Amino acid sequence: MASGPEPRPFSVQRLTAHLGAEIGGVELTQELGDDVFRALHQAFLRYQVLVFPPQDVPPARQVALARRFGEVQVHVMNQYHADGYPELYRLSNIDERGKPSGRHPDKGTLAWHTDGSWQRITGQATLIYGEVMPESGGETHFCDMYGAYERLDAAWKTRIANLRAVHNLDFSRNRRHGEDPLTEAQRLAKPPVDHPVVRTHPQTGRKCLFLGDHAEYIVGLPYEEGRSLIEELNTLAVHPDLSYEHRWRTRELIVWDNRCVMHRAAPYDATTQGRVIRRCTVLGEVPA
Ligand SMILES: [Fe+2]
């Protein structure tokens, strides 16, 4: 007897016609059953960005959920580790008096990027939990990198088909955004790496553009020519109708797929508004 697809064990509400879905009816404080996680993972591959409505997700639960996706990254910038969990990375502008410090904790997050592209094994899923959110600003923007590739014309596709870009955390963090440079030990632990400019998503088999703010130059091209090409493609990649801007409610959890999405945080007034998130990035694979 023919049977249709299994009903999903949660609700799915699309956030745009193209990208993103809100998932209802999943209690993240509970360990998820294998069938629920399988269905969630299918939704993750299909919608690229999943939003879970406000609920308590303690640090240990966030790490446990991340581990369902794969091996969790311990970030080299250990000054950001949170709550005794080296797997968590906290971005906060709240000082020890509980007041906004006026200092944005990581200006690199304001530029379009994909998490962990500066290492050989790049980011797969990122899970962010919003602890404190400003009244205005601080939204997270997402754009679709499948669509970014598909909308390039044939000449662009031919031009970049075999190019590789060198991604470098010290470049994006220090030289572009003026944050403290990596320590010598951090720099040695994470030397620049090269990745294809066009990668194939290992699970969907679809091609996507893979650049973002950590990409510094193109292998085999003069430095400035490579810089210009990266800047141009990073701009061409963002199409309003293939993007989603998320306005946070506190205690939401968002999961996205770094292999086929770029993201950035919108600015906010760090002198009057608080914003605290904790982030957990799951490692993926060597892009190919
Ligand atoms: Fe990020």
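For the structure, check the block above.
Residues numbered from 1 in each chain as written. Predicted model: local features only at pLDDT ≥ 70, side-chain atom pairs only at ≥ 80, totals over all residues. Heavy atoms only, no water.

1. Regarding the packing of aromatic side chains
Here's step 1: Going through the model one piece at a time under the given rule, you end up with five aromatic pairs.
Here's step 2: With a centroid separation of 6.5 Å and 10° between ring planes, the pair formed by phenylalanine 142 and tyrosine 244 is classed as stacked. Here tyrosine 244 lies in strand E13 (residues 243-246) and phenylalanine 142 lies in strand E7 (residues 140-144), a separation of 102 residues in the sequence. Across the pair, exposure class does not vary: phenylalanine 142 and tyrosine 244 are buried alike.
Here's step 3: When the ring centre of phenylalanine 210 is taken as reference, the NZ or CZ atom of arginine 199 above it lies at 4.7 Å.
Here's step 4: The ring of tyrosine 146 carries the charged tip of arginine 206 above its face, separated from the ring centre by 3.9 Å. (Phe/Tyr/Trp six-rings, centres within 6.5 Å; stacked < 30°, edge-to-face > 60°. Helix = DSSP H or I, 4+ residues; strand = E, 2+ residues; numbered from the N terminus. Buried < 20%, exposed > 50% of the residue type's maximum accessible area, 1.4 Å probe, protein only. Lys NZ or Arg CZ within 6 Å of the ring centre and 35° of its normal.)

2. Some details on the sheet that holds strand E3 (residues 49-52)
Here's step 1: On the basis of which strands lie adjacent, the open sheet formed by eight strands has the order E1-E2-E3-E14-E6-E16-E5-E4 and mixed pairing. Each edge of the sheet is formed by a strand with only one pairing partner; in this case those strands are strand E1 (11-14) and strand E4 (81-82).
Here's step 2: Note: E4 against strand E5 (residues 85-92), two bridges, orientation antiparallel. Note on E5: the bridge partner recorded for histidine 81 is tyrosine 89.
Here's step 3: Across the sheet, helix H1 (residues 34-47) lies against E1, strand E2 (21-24), E3, strand E6 (123-132) and strand E14 (253-257), angled at about 125° from E3, the strand it touches most.
Here's step 4: Against the sheet, helix H2 (residues 59-69) touches E5, E6, E14 and strand E16 (276-283), its axis set at about 115° to E5. (Pairing = 2+ DSSP bridges. Contact = heavy atoms within 4.5 Å. Axes fitted to C-alpha atoms, helices over the stretch in contact; angles between N-to-C directions.)

3. Points about the pairing of E7
Here's step 1: With five of five residues buried, E7 lies mostly within the body of the structure.
Here's step 2: Across four bridges, the pairing between E7 and E13 is antiparallel. Bridged to cysteine 143 within E13 is serine 243.
Here's step 3: Sheet topology places E7 next to strand E15 (residues 261-265); five bridges connect them, and they run antiparallel. Paired with cysteine 143 across the two strands is methionine 262, which belongs to E15.

4. So, the nonpolar core
Here's step 1: The biggest cluster of nonpolar side chains holds 44 residues, and the ones touching the most others in it are Phe142, Met145, Ile160, Val197, Leu209 and Leu233.
Here's step 2: With four residues, helix H3 (residues 145-150) is the largest single contributor of residues to this core. (Core = buried A, V, L, I, M, F, W, Y, C linked by side-chain atoms within 4.5 Å.)

5. Topic: the layout of surface pockets
Here's step 1: Of the voids in this model, the second largest pocket is the one considered here, and its volume is about 190 Å³.
Here's step 2: As for the second largest pocket, its lining consists of Gln79, Tyr80, His81, Arg90, Leu91, Ser92, Ser101, Arg103, Pro105, Arg173 and Asp180.
Here's step 3: At three residues, E5 tops the list of elements feeding residues into the lining of the second largest pocket.
Here's step 4: Its residues assigned to classes, the lining of the second largest pocket shows three nonpolar, four polar and four charged. (1 Å grid on protein atoms, 1.4 Å probe; cavity = no way out; pocket = protein on both sides within 12 Å on 5 of 7 lines; lining within 4 Å. Points joined across faces, edges and corners; volume = space filled by probe spheres on them. Nonpolar A, V, L, I, M, F, W, Y, C, P; charged D, E, K, R; others polar.)

6. Observations concerning the coordination of the iron ion
Here's step 1: Distances from the iron ion to its protein donors, namely His113 (NE2), Asp115 (OD) and His263 (NE2), fall within the range 2.1 Å.
Here's step 2: Read from N- to C-terminus, the donor residues coordinating the iron ion fall into the pattern H-x1-D-x147-H. Taken together, the residues aspartate 115 in the loop between E5 and E6 and histidine 263 in strand E15 connect sequence positions 148 residues apart. Grouping residues by exposure puts aspartate 115 and histidine 263 together as buried. (Donors = N, O, S within 2.8 Å, 3.2 Å for Na, K, Ca; no water.)

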